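Notes for the structure review
Below, each chain spelled out in residue letters.
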Amino acid sequence: VREAVVSTQSTGESVGQIKIINGKIAGPHINRLNGLRVSVILASETHRVACQPESLRVREGEGVVNQTYYISCNGAQGLGVEFLLQTSATNNCLEFREIEVYAA
């Protein structure tokens, strides 16, 4: 099992909410984001606070509306946001259509 990580840099503002649109909004690979964990990186690369829900569960239904998810980070302030997904031989892709990070 491998981990795919995408980190973004922040201006130090508090993170309120993150909007994620699944990279696969239809078809056989729609469930690739199952288990995605989102964290705010705090004062250093080794310190993180998890956002809620703890892991993303892909919903049924195709299209942008059904595959848009909102993650709450409860105003955590840090250096950036990390997207972490455990990958396997059959699920080795971390793909987003869109990510928006909103300040608290």
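A brief structural summary. From a predicted model like this one, the values you see are computed outputs, not experimental measurements.

**Regarding the overall build of the protein chain**
From N to C terminus, the protein chain includes zero helices and seven strands. The order of α-helices and β-strands along the protein chain, N terminus first, is β-β-β-β-β-β-β. Burial analysis of the protein chain (104 residues in total) assigns 38% to the buried set. By sequence separation, contacts in the protein chain at least 24 residues apart represent 73% of the contacts at least 6 residues apart. By element, 49% of the accessible surface of the protein chain is carried by carbon and sulfur atoms, the whole surface being about 5,900 Å².

**Some details on the pairing of strand β6 (residues 80-87)**
A large share of β6 lies buried, amounting to seven of its eight residues. Pairing of strand β3 (residues 37-41) with β6 involves five bridges; the strand directions are antiparallel. Each bridged residue has a counterpart across the sheet, and for S39 the counterpart in β6 is E82.

**Considerations on the nonpolar core**
Membership of the largest hydrophobic core comes to 19 residues, with the highest contact counts inside it found for I18, I20, L36, V38 and F83. Per element, the largest residue contribution to this core is four residues, and it comes from strand β5 (residues 68-77).

**Some details on unusual backbone geometry**
Cis geometry is found at the peptide bond from Q52 to P53, where omega equals 5°. The phi torsion at N74 lies on the positive side, around 50°, for a residue other than glycine. Positionally, N74 belongs in strand β5.

Cut-offs applied
- Residues numbered from 1 in each chain as written.
- Predicted model: local features only at pLDDT ≥ 70, side-chain atom pairs only at ≥ 80, totals over all residues.
- Heavy atoms only, no water.
- Helix = DSSP H or I, 4+ residues; strand = E, 2+ residues; numbered from the N terminus.
- Buried < 20%, exposed > 50% of the residue type's maximum accessible area, 1.4 Å probe, protein only.
- Contact = heavy atoms within 4.5 Å.
- Areas by Shrake-Rupley, 256 points an atom, 1.4 Å probe, with all protein chains shown as cover.
- Pairing = 2+ DSSP bridges.
- Core = buried A, V, L, I, M, F, W, Y, C linked by side-chain atoms within 4.5 Å.

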